[in-house]
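Residue-level structure breakdown
Each chain, written out:
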Amino acid sequence: MKIGISGGTSSAADEAITSTQPADRPGDSPFASPGGSASADVPPAASSSPERMPATQTPSDGAVEPTSSFAARALEALREFYNPLTLSAKDRDMLCQKRGFEYRTSDLLGFRSNPRSNKDILIQLAAKHGFEAMIEAGLWQPKDRAHKKERRPNAQFFGLGIIRKRKPGERLASNEFCDEDGNIWGWCEPILIPYFDENGLLIGLRPHKGGGKSGTTTGTPRVYFPRDPKRAAQPETFRTVFITEGEFKAASLWENIGAGSLLAEHEPAGACSLPGISFGKNYEVRQVLEDWLRIVQCRCVIVAFDNEEKGDPALEFFKADWTKRHDATKWMRYLATDLARKLHIQGKVFVLPNDWRNKNGKADWDGAAAGLTNGLIKPTQKSESSKLEEF
């Protein structure tokens, strides 16, 4: 569907989940903020220096260049894990209804289902490549002496994921547990999102809202560039580039106004996403982003993060601290102005319309596309709350 713009885990709960399958610990998420939160909120003031990524990160496109046979085996194992995976009809329908994606988009961008049967593949690959390579890839978890756990497949790659935020007083099911950030985890089978480099090679894989242990191949924060791997090697030029947060948002822009659009009457815009809103200040992420903007000859960036209502206590994204209710806008303005200054291009901020917000008070690109698909948003609908700022 086409869219556009106008104007700490408790031990008891942990045992409940690990008694069935070996579970990942939510604290291993690579996208936790410096203060430990898995959200994309602004990091604490005490954390002034951006988080560093491994030295194997290249500035060109975020690809991991193996510096040893050990790292090469980890990347090979990751690709062997991804290759036999498929996207089920159920998940393809879900991505259409919930994210607004056409079937072709989900197929071209390589989204994959994440069933419990993936565990068998992980065990077979460990026998072939060894535990060390699988742990380096992030597909296996190392021994955890503190919690008396042996090496085990990373459950996030066979169905474990974040289901929702815990509400006050909410009781957990027997197969759920809650982390220290209030996220409820369970067997929700999150979609696996591949990261392809400029040559169409797989360089990363992330379960939606999760990821491998920090420092591993699947746990390294990256800029996401939506790509059809079969066409990735073709040179691209985007005079205008949209920067958002989260892979599905960038994929929605890619489908509707970007390189994946079927509309021939307009020049496609570039689209990419950061791992979180505060990663605009991360050194390595910014290096990859700026290099790509130069390569595609970008002359204008438009930063457009999610628009969330954080002042209503009844909604999911409520922030009791009023100073944190406008973090997204602050980070959008920071990134737009800094890119404009450093690259000598136009920097703009687009605030998504309040009319696009769902029942949880959140407006985002893929949600808007789904709203159009499901008839919840009218194609001609305009909003006075949307605005475009130029810096």
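In what follows, the structure referred to is the one given above.
First things first, this report covers the structure right here in the doc. Keep in mind it's a predicted model, so treat the numbers as computed, not measured.

1. Structural notes on the overall build of the protein
Summing up its helical and strand segments, the protein has ten helices and 14 strands in all. Looking at the 391 residues of the protein, the share that counts as buried comes to 53%. In the form shown here, the protein has an accessible surface area of approximately 17,700 Å², with 51% of it arising from carbon and sulfur atoms.

2. Topic: the sheet that holds strand S5 (residues 183-186)
The strand order across the open sheet built from three strands is S3-S5-S4, with neighbouring strands paired in antiparallel fashion. Every other strand in the sheet has two partners, leaving strand S3 (161-165) and strand S4 (177-178) as the edge strands with one partner each. In the sheet, S4 pairs with S5 via two bridges, with the strands oriented antiparallel. Bridged to Cys178 within S5 is Ile184.

3. With respect to unusual backbone geometry
At Glu189, a residue that is not glycine, the phi angle is positive and equals roughly 55°. Assignment of secondary structure puts Glu189 in the loop between S5 and strand S6 (192-196). In this structure, Lys209 takes a positive phi of about 70° despite not being glycine. With respect to the helices and strands, the residue Lys209 is situated in the loop between strand S7 (202-207) and strand S8 (240-245).

4. A few points about the packing of aromatic side chains
Any pair of aromatic rings gets described here by the distance separating the centres and the angle formed by the planes. Inspection of the entire model under this criterion finds 15 aromatic pairs. Centroid distance Phe177 to Trp185: 6.2 Å. Interplanar angle 10°. Geometry classified as stacked. Taken individually, Phe177 and Trp185 each receive the classification buried, so the pair is uniform in this respect. Geometrically, the ring pair formed by Trp331 and Tyr334 is edge-to-face, given 5.7 Å between the ring centres and 90° between the ring planes. Note that Trp331 and Tyr334 are positioned in helix H9 (residues 327-343) at a spacing of three residues, about one turn of the helix. Note on Trp331: relative accessible area 12%, which makes it buried.

5. Considering the nonpolar core
In terms of nonpolar packing, the biggest core is built from 29 residues, with Val241, Ile243, Leu274, Leu289 and Leu293 touching the most fellow members. Counting residues per element, the ones that place at least two in this core are S8, strand S9 (270-274), helix H8 (283-295), strand S10 (300-303), H9 and strand S12 (346-351). With seven residues, the top contributor of residues to this core is H9. Among residues more than four places away in sequence, those in contact with Leu293 are Val241, Cys298, Val301, Leu339 and Leu343. Formed by 26 residues, the second largest nonpolar core is a distinct cluster that contains Phe81, Ala126, Leu160 and Leu202.

6. Details of the sheet that holds S9
Read from one edge of the open sheet, five strands run S9-S8-S10-S12-S14, paired in mixed fashion. On the outer flanks of this sheet lie S9 and strand S14 (387-390), each paired with one strand and no other. In this sheet, adjacent strand axes meet at a mean angle of 25° when their direction is disregarded. Relative to S12, S10 is paired through four bridges, and the arrangement is parallel. Residue pairing across strands places Ile302 opposite Lys348, the latter belonging to S12. Contacting S8, S9 and S10, H8 runs over the sheet at an angle of about 175° to S9.

7. Some words on the packing of helix H7 (residues 247-256) against helix H10 (residues 365-373)
Where H7 contacts H10, the two axes come as close as 7 Å, and the packing angle between them is 55°. Considering the angle they form, H7 stands oblique to H10. Where H7 abuts H10, its residues Phe248, Lys249, Ser252, Leu253 and Asn256 lie against Trp365, Asp366 and Ala369. When the residues that make up the contact of H7 with H10 are grouped by side-chain class, the tally is four nonpolar, two polar and two charged.

Rules of the game
Residues numbered from 1 in each chain as written. Predicted model: local features only at pLDDT ≥ 70, side-chain atom pairs only at ≥ 80, totals over all residues. Heavy atoms only, no water. Helix = DSSP H or I, 4+ residues; strand = E, 2+ residues; numbered from the N terminus. Buried < 20%, exposed > 50% of the residue type's maximum accessible area, 1.4 Å probe, protein only. Areas by Shrake-Rupley, 256 points an atom, 1.4 Å probe, with all protein chains shown as cover. Pairing = 2+ DSSP bridges. Phe/Tyr/Trp six-rings, centres within 6.5 Å; stacked < 30°, edge-to-face > 60°. Core = buried A, V, L, I, M, F, W, Y, C linked by side-chain atoms within 4.5 Å. Contact = heavy atoms within 4.5 Å. Axes fitted to C-alpha atoms, helices over the stretch in contact; angles between N-to-C directions. Parallel < 35°, antiparallel > 145°, perpendicular 65-115°, else oblique. Nonpolar A, V, L, I, M, F, W, Y, C, P; charged D, E, K, R; others polar.

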